[in-house]
Amino acid sequence: MLGGCRRALPAALGRALRGRAAGPGRRAVSTSWCPVGSAFDAKQQRQQALRGGAAGRETGLFGVPELSCPEGFQEAQDKALQESEQLVQKACSTPPGPETVRIFDQLSDSLCRVADLADFVKVAHPDFAFREAAEEACRNIGTVVEKLNTDVELCQSLRRLLADENVASSLDPETRRVAELFMFDFEISGIHLDEEKRKKAVDLNVRILDLCNEFLIGTHLPNKIDKHVLPEHIRYNFIAEGNYLQVAGLHADCPDDLVREAAYKIFLHSNAQQLSRLEELLASRNSLAQLVGYDTFAHRALQGTMAKNPETVRQFLEKLSDQLSKRTQKDFEMMTKMKMKLNPQNSTLMPWDHPYYSGVLRAERYNIDPGLYCPFFSLGACMEGLNSLFSQLLGISLYAEQTKRGEIWSEDVRKLAVVHETEGLLGYIYCDFFQRPDKPHQDCHFTVRGGRLKENGEYQLPVVVLMLSLPHSARGAPTLLSPGMMENLFHEMGHAMHSMLGRTRYQHVTGTRCPTDFAEVPSILMEYFANDYRVVNQFARHYKTGQVFYAVLDQIYHGKHPLKKSTTEILKETQEKVYGLPYVPNTAWQLRFSHLVGYGAKYYSYLMSRAVASMVWKQCFAQNPFDRAMGERYRREMLAHGGGKEPILMVQGMLQKSPSVEDFVDALVSDLDHDFETFIMDS
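Residues numbered from 1 in each chain as written. Predicted model: local features only at pLDDT ≥ 70, side-chain atom pairs only at ≥ 80, totals over all residues. Heavy atoms only, no water.

Chemist: Is there a simple way to explain the overall build of the protein in this structure?
Modeler: Scanning the protein from N- to C-terminus turns up 29 helices and 11 strands. The buried share of the protein, reckoned over its 683 residues, is 57%. Working note: accessible area of the protein is about 28,600 Å², and carbon and sulfur atoms make up 51% of it. (Helix = DSSP H or I, 4+ residues; strand = E, 2+ residues; numbered from the N terminus. Buried < 20%, exposed > 50% of the residue type's maximum accessible area, 1.4 Å probe, protein only. Areas by Shrake-Rupley, 256 points an atom, 1.4 Å probe, with all protein chains shown as cover.)

Here it is, written out as structure tokens:
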């Protein structure tokens, strides 16, 4: 019932500040806004943080009054659960009609407003007490959600609506789809089972939530090793802790082969506790899927996606792998030659070499020195570049807004107002861009509040967080972004625009609350803009062939159970077959594969979304990335619906055709063709 909750250009400022009268459904502009680029200036950040926001007024996190302290999560949770009880009673007593769907969406919204916010706070807040309180709220509301998803009386109120042909046929398409999506949530949760099995389904779901949380934490924990094990001349690359060195990542960009090798073997060393969590998570997902009537978890997870089923995904990945195998081999041969040139004593290409040497080859190919390149990409300049692009393409501007004391969780967080030239304020983006202790090193988009049309006719503005892991700048200097960091910024901003422009009537389908293999399309499309020299004068994109390997592994793990081999043996076999580089003994990369939590059986989505984004780019934006007519068509056909329309219908509307599996494969392969890169660079 609550499947919608997810746990992951400057127009003239003067004209905006003069303002317009706020008509129906439109928000007035604010005089506290300032240009977006200046908000990311290092000096201004410190001064603004010291002032404590406009007039020193106090509030709670994200402006929620209760969340001025960790204990406020209990209050917010209790309020949401009390409201949800009233809405359940109302839904069960309301005659079948559109009002039923509206009540269900209110119920979803009341729980999501706490669960989604808590989902971000539990991983990103610097205060452990806040993280702990948020995690408890997530678990409690998650448990309630699973019970509601198996509530027979609640389900009956929706079933009566859909079973009445006269009433159902009178619903507008969006309302009908939202009703069907709520029903789908009931069905995949086991509403059709007897009471004992429904209880078992709830217990399995709650256990899966706990395992996901534990596994996710484990994927980010560093490994320690006695410092004397490593040669003295490379120890400075790792954090010292007494007689131990802490290895918290792969150091993939380090030019020293020995550092990368050590980091790979230590960080990916197998961990019995984490392995046990993964095995129980995969087994529990399989048990749940079979309990509610699916052959495998993948069959359950892929219902309602563009791919529809694991068979289509397998066909897509096999065709893509076949097309890429010769290219991948050629790439590895070029990397081997480069390694031989730079390190003749040890020229065998190993898994820890691929990311580094592919970057060296790209820099050599385009005659680019990354050190010379970075100064052009200050964070402020990138934000102004995005602002300029959105203004020309969509009529949208980004403005920094002062925050109240208590509204943000770290002094370097920035709040952006997203403003349309005629529609006014569309929503807010909180930018949590910089590294800090205990903050995960990952780039992602969090929905904090979904947009929806409220009962009083006002529109509930969406609120999102973009989380990056940028290094802090040197004193007095702007923060400089590498090409990869800039691409990640554009990617996450693509998600944010989807959230801002998906102005659906129902929050259950707002913005990125849509099938996973469509949700990545807007974000990946933004990468194409980031890699077009006319937008930011950046060199051509690099395609990550390793994603095919990750997607195949994900499908096997969520396929038929019991698995024929251990997860590590499957990893070794798949890596050598699909990836082409040897498995390194005593490593267990799958235990760091955090996407198994949020993208279980759906990691292929990155590839399928990239294929769609590629087709949209080539057909609609490659000739002119600032084409306003195409920008409006993109908003109308793809962004505006959120999850309120079948994803393949949105793709058809944009491309004016229905793509096949072969079209998806061809789109990805053509991105690697020199002719296409030449076209982009020379057009």
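Here the narrative resumes, following the displayed structure.
Chemist: When you look at the pairing of strand β8 (residues 444-449) in this model, what are you seeing that I'm missing?
Modeler: For a regular strand, side-chain orientation follows a simple rule: the groups alternate between the two sheet faces. Counting buried positions along β8 yields five of six residues, so the element is predominantly enclosed. Bridge count between β8 and strand β11 (residues 463-470): five bridges; the pairing is antiparallel. Bridging from a neighbouring strand, Arg449 pairs with Val463 of β11. (Pairing = 2+ DSSP bridges.)

Chemist: Which parts of the structure should I look at to understand the packing of aromatic side chains?
Modeler: In this description, a pair of aromatic rings is defined by centroid distance and the angle of the planes. Inspection of the entire model under this criterion finds 26 aromatic pairs. Ring geometry for Tyr550 against Tyr603: centres 5.8 Å apart, planes inclined by 75°, an arrangement best described as edge-to-face. Of this pair, Tyr550 sits in helix α22 (residues 546-557) while Tyr603 sits in the loop between α24 (595-598) and α25 (605-621), placing them 53 residues apart in sequence. Pairing Tyr603 with Tyr606 gives two aromatic rings, centres 5.2 Å apart and planes at 55°, and the pair type is tilted. (Phe/Tyr/Trp six-rings, centres within 6.5 Å; stacked < 30°, edge-to-face > 60°.)

Chemist: Would you explain the nonpolar core in this entry?
Modeler: Grouped burial of nonpolar side chains is what soluble globular proteins tend to show. Counting residues in each nonpolar core, the largest one holds 144 residues, and the members touching the most others are Phe316, Met383, Ile429, Phe433 and Phe621. In terms of residue count, the dominant contributor to this core is α25 (11 residues). Among all residues touching Ile429, those that are not within four sequence positions of it are Arg414, Lys415, Leu416, Val418, Val464, Leu466, Met493, Ala496, Met497 and Met500. Counting 61 residues, the second largest nonpolar core, distinct from the first, contains Leu111, Ala115, Cys155 and Phe446. (Core = buried A, V, L, I, M, F, W, Y, C linked by side-chain atoms within 4.5 Å. Contact = heavy atoms within 4.5 Å.)

Chemist: Help me understand the environment of Ile239 in this model?
Modeler: Among the secondary structure elements, Ile239 is positioned in strand β3 (residues 239-241). In this structure Ile239 comes out as exposed when scored by relative accessible area, which is 52%. Note: C-alpha distance between Ile239 and Lys224 (15 residues apart in sequence) is 9.5 Å. Excluding residues within four positions of it along the chain, Ile239 makes contact with Tyr244, Leu245 and Gln246.

Chemist: Please clarify how the packing of helix α7 (residues 152-163) against helix α9 (residues 173-188) should be interpreted in this entry.
Modeler: When two helices pack together, their arrangement is given by the angle between their axes and by how far apart the axes lie. Interaxial distance between α7 and α9 falls to 10 Å at its minimum, and their mutual angle equals 140°. Taken together, α7 and α9 sit at an angle that is classed as oblique. The handedness of the crossing between α7 and α9 comes out as left-handed. In contact with Leu154, Cys155, Leu158, Arg159, Leu161 and Leu162 of α7, α9 contributes Arg176, Ala179, Glu180, Phe182, Met183 and Phe186. Among the residues making up the contact of α7 with α9, the classes are represented as nine nonpolar, no polar and three charged. (Axes fitted to C-alpha atoms, helices over the stretch in contact; angles between N-to-C directions. Parallel < 35°, antiparallel > 145°, perpendicular 65-115°, else oblique. Left-handed = near helix turned anticlockwise from the far one by under 90°. Nonpolar A, V, L, I, M, F, W, Y, C, P; charged D, E, K, R; others polar.)

Chemist: How should I be thinking about the environment of Gly484 in this particular structure?
Modeler: Positionally, Gly484 belongs in helix α18 (residues 483-501). Separated by 46 residues in sequence, Gly484 and Ala530 have C-alpha atoms that sit 9.9 Å apart.

Chemist: In this structure, what is going on with α7? I would like to understand it.
Modeler: Helical periodicity: at 3.6 residues per turn, an α-helix aligns residues three or four positions apart in one direction. The first and last C-alpha atoms of α7 sit 15 Å apart over 12 residues, in line with the 16 Å expected at 1.5 Å per residue. Burial in α7 covers these residues: Leu154, Cys155, Ser157, Leu158 and Leu161. Projected down its long axis, α7 carries its buried residues within an arc of 150°, all on one side. With respect to the buried face of α7, the exposed residues turned more than 90 degrees away are Glu153 and Ala163. Residues of α7 that are buried sit in contact with α4 (72-93), α5 (98-124), α6 (128-148), α8 (165-170) and α9. Taking the backbone nitrogen of Glu153 as reference, a side-chain oxygen 3.1 Å away marks Asp151 as the first, capping residue of α7. (Expected span 1.5 Å × (residues − 1). Arc of directions from axis to C-beta. Polar contact = N/O pair within 3.5 Å; in protein donor to acceptor, adjacent residues only side chain to side chain.)

Chemist: Where do I start with the sheet that holds β3 in this structure?
Modeler: Remark on secondary structure: sheet strands pair via backbone hydrogen bonds, oriented parallel or antiparallel. Taken in spatial order, the three strands of this open sheet run β2-β4-β3, and their pairing is antiparallel. Whereas interior strands pair on both sides, the edge strands pair on one side only; in this sheet they are β2 (223-226) and β3. Here the strands of the sheet are splayed against their neighbours by 35° on average, with no regard to which way each runs. Note: β2 against strand β4 (residues 244-247), four bridges, orientation antiparallel. Note that in β4 the partner of Asp226 across the bridge is Tyr244.

Chemist: Sorry, what's going on with helix α17 (residues 379-394) here?
Modeler: With 16 residues, α17 extends 22 Å from end C-alpha to end C-alpha; this agrees with the ideal 22 Å at 1.5 Å per step. A positive backbone phi angle near 70° is found at Gly395, which sits one or two residues after α17.

These figures come from the coordinates and say nothing about function on their own.
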